[in-house]
Amino acid sequence: MTPTRLAAPVSHSFKLLGDPAEERPARSALSSLISSGPASQPAVLPAAISDDLVIDTETMTAGETKAALRVLGGELSPFTARARLALELRGVAYELLDEPLGPRKSDRLLAANPVYGKIPVLLLPDGRAICESAVIVQYLDDADSDCLLLLLPQDPYERAMHRFWTVYIDDKFWPALDAVSLGPTPAARAQAVEDARAALRVLEGAFGDRSGGAAFFSGGDAAPGLLDLALGCFLPALRACERLHGLSLVDASATPLLDGWSRRFAAHPAARRVLPDTDKVVEFTRFLQAKFGVDVSK
Ligand SMILES: N[C@@H](CCC(=O)N[C@@H](CS)C(=O)NCC(=O)O)C(=O)O
């Protein structure tokens with residue numbers, strides 16, 4: 001493929017979202033999210049980038065509202081929700097490009113994420129891709145570190161703790177929650193309930209340590225941070241799982257701190273915009289159970 005030249009600058013195509021007085025105290029240097037080089041030096045893209053992934057900024061007018069950032073993802077994908085929540089909190093406009101479900105992945109997705117072929121992928125205007133939801137969240141902080149609303153704490157130890165617990169959530173909590181509905185046997189699903197509860201008890205302790213008595217894991221009362229997004233993106237799946245199997249996983253007696261946090265997080269404007277309804281996730285989980293031959297009547 002011939003290297004593609006981008007016309008810079010592209011920052012005019014950013015659009016701030018929502019009510020500025022809402023939960024976003026400050027935004028600055030949003031154009032630095034697009035790091036393809038100074039305006040005077042058009043970026044030369046590596047030949048590997050598919051033309052499909054590049055936004056032709058030359059054809060866009062100054063008032064055009066097309067989002068410069070795009071997310072390859074899905075409405076019901078929790079990892080996509082994690083990345084979208086970060087974009088919403090930062091007040092950055094983006095376009096969600098729905099990736100079809102199924103065994104055949106799109107060429108667009110495989111070009112953007114050749115290593116894992118998974119969603120979400122954040123596409124920069126020049127077509128460069130950032131994969132892995134937690135990496136995307138951290139990229140947004142790194143690309144605009146002057147913004148007052150950072151998703152990771154400033155303190156290096158706290159940053160390390162946020163990263164540590166994000167990995168724990170992805171390695172221990174999510175696989176257990178997923179297996180409560182999709183484990184292959186009744187025994188595997190029963191074990192998964194125990195594992196999910198055990199992970200939630202551990203996270204209850206982590207919330208106490210990180211929040212310092214504030215509303216969110218971030219240690220703040222207004223703005224959630226990386227760790228809030230890391231766990232909060234799974235709340236619809238958790239509530240769907242409770243409803244489908246008649247279970248209670250997060251409640252006032254088992255995990256009182258997480259119970260309060262889950263309600264506050266779900267009520268946050270960014271979460272209300274992004275997180276899917278429990279009904280939809282219940283329906284989708286039933287679809288997956290049928291697809292994978294999971295017989296929950298046994
Ligand atoms: N560690 C990845 C996990 C992403 C992931 O598992 N995405 C799911 C959708 S929620 C996916 O693409 N599944 C398709 C597949 O595994 O092939 C992240 O944090 O982004």
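Nothing here was measured: the structure is a model prediction, and the numbers come from that model.

*Asks:* Got a minute to help me understand the overall build of the protein in this structure?
*Replies:* For the protein, the helix and strand inventory stands at 10 helices and four strands. Starting at the N terminus and walking to the C terminus, you meet the elements of the protein as β-α-β-α-β-β-α-α-α-α-α-α-α-α. Each of the 298 residues in the protein was classed as buried or not, and the buried ones make up 51%. Surface summary for the protein: the accessible area is close to 13,800 Å², and the carbon and sulfur share equals 55%.

*Asks:* So what exactly am I meant to see when it comes to unusual backbone geometry here?
*Replies:* Here I119 and P120 are connected by a cis peptide whose omega angle stands at 5°. Considering the arrangement of structural elements, one finds P120 in the loop between helix 2 (107-112) and strand 3 (121-123). Positive phi values are uncommon outside glycine, yet E132 reaches one of about 80°. Along the chain, E132 falls in the loop between strand 4 (129-131) and helix 3 (133-143).

*Asks:* Sorry if this is basic, but what is going on with the packing of aromatic side chains here?
*Replies:* All told, the structure shown has 10 aromatic pairs when counted by the stated rule. Look at W174 and F234: their rings are 4.6 Å apart centre to centre, the planes differ by 15°, and that puts the pair in the stacked class. In this pair, W174 is assigned in helix 4 (residues 156-182) and F234 in the loop between helix 6 (226-232) and helix 7 (235-245), connecting sequence segments 60 residues apart. Among the residues examined, F234 registers a relative accessible area of 0% and is labelled buried. Centroid distance F217 to W261: 5.4 Å. Interplanar angle 75°. Geometry classified as edge-to-face. Of this pair, F217 sits in the loop between helix 5 (186-211) and helix 6 while W261 sits in helix 8 (residues 256-267), and the two are 44 residues apart along the sequence.

*Asks:* Quick question: what am I supposed to make of the site of the ligand here?
*Replies:* Around the ligand, the structure places S77, P78, F79, K105, K118, I119, P120, E132 and S133. Within the contact set of the ligand, an oxygen atom lies 2.4 Å away from a side-chain nitrogen or oxygen of K105. Notes on the ligand: free accessible area 510 Å², of which the protein chains cover 69%. Residue composition of the shell around the ligand, by class: four nonpolar, two polar and three charged.

*Asks:* Before we go on, may I ask you to explain the nonpolar core in this structure?
*Replies:* Most often, soluble globular proteins keep nonpolar side chains buried together rather than apart. Core analysis: the largest hydrophobic core is formed by 62 residues, its most contacted members being L85, L122, F173, L258, W261 and F265. Residue contributions to this core peak at nine residues, all from helix 4. Setting aside residues no more than four positions away along its own chain, F265 makes contact with L85, F216, P224, D228, L229, G232, L235, A271 and L275.

*Asks:* What should I look at first to understand the side chain of R84 in this one?
*Replies:* Relative to the elements of secondary structure, R84 occurs in helix 1 (residues 78-90). Apart from residues no more than four positions distant in its own chain, R84 is found in contact with E75, Y94, L96, R273 and V274.

*Asks:* I would appreciate a short explanation of the UniProt feature "domain: GST N-terminal" (unreviewed entry) in the protein in the present structure.
*Replies:* Using the residue numbers shown here, the UniProt feature "domain: GST N-terminal" (unreviewed entry) corresponds to residues 67-148. For the annotated span residues 67-148, helix accounts for 37% and strand for 20% of the residues, and the straight-line distance between the end C-alpha atoms is 22 Å.

*Asks:* Looking at this structure, I do not really get the environment of R264. What am I missing?
*Replies:* Residue position: R264 is located in helix 8. C-alpha separation for the pair R264 and R104, spaced 160 residues apart in sequence, amounts to 38 Å. The residues touching R264, leaving out its near neighbours within four places in the chain, are F207, A214, A215, F216 and L257. A distance of 3.0 Å separates the side chain of R264 from the backbone oxygen of A215, its partner in a polar contact.

What counts, and where the lines are drawn
Residue indices follow the written sequence of each chain, beginning from 1 at its first position. Per-residue local features are limited, in this predicted model, to residues with pLDDT of at least 70; the limit for side-chain atom pairs, both in listing and counting, is 80 or more; totals at the level of whole chains, interfaces and linings are taken over all residues. The side-chain figures draw on all heavy atoms in the structure; neither hydrogens nor water molecules are used. The helix and strand labels rest on DSSP assignments: H or I over at least four residues marks a helix, E over at least two residues marks a strand, and numbering proceeds from the N terminus. Buried residues are those whose accessible area, probed at 1.4 Å on protein chains only, stays under 20% of the maximum for their type, while exposed residues exceed 50% and partly exposed ones sit between those limits. Accessible surface area values rest on a Shrake-Rupley calculation with a 1.4 Å probe, where residue burial reflects the displayed protein chains alone. Between 30 and 60 degrees the pair is tilted, below 30 it is stacked and above 60 it is edge-to-face, where a pair is any two Phe, Tyr or Trp rings, Trp via its six-membered ring, whose centres lie within 6.5 Å. The near set for a molecule or strand comprises every residue that places at least one heavy atom within 4 Å of it. Nitrogen and oxygen atoms within 3.5 Å of one another constitute a polar contact, given that in protein one can donate a hydrogen and the other can accept it, and given that sequence-neighbouring residues count only through two side-chain atoms. We call Asp, Glu, Lys and Arg charged. Ala, Val, Leu, Ile, Met, Phe, Trp, Tyr, Cys and Pro are nonpolar, and the rest, Gly among them, are polar. Only buried residues count toward a nonpolar core, which is a set of Ala, Val, Leu, Ile, Met, Phe, Trp, Tyr and Cys residues joined through side-chain atoms within 4.5 Å. We call two residues in contact whenever any of their non-hydrogen atoms come within 4.5 Å of each other. UniProt positions are given in the numbering used here, feature names are shortened, and annotations may be inferred rather than shown by experiment.

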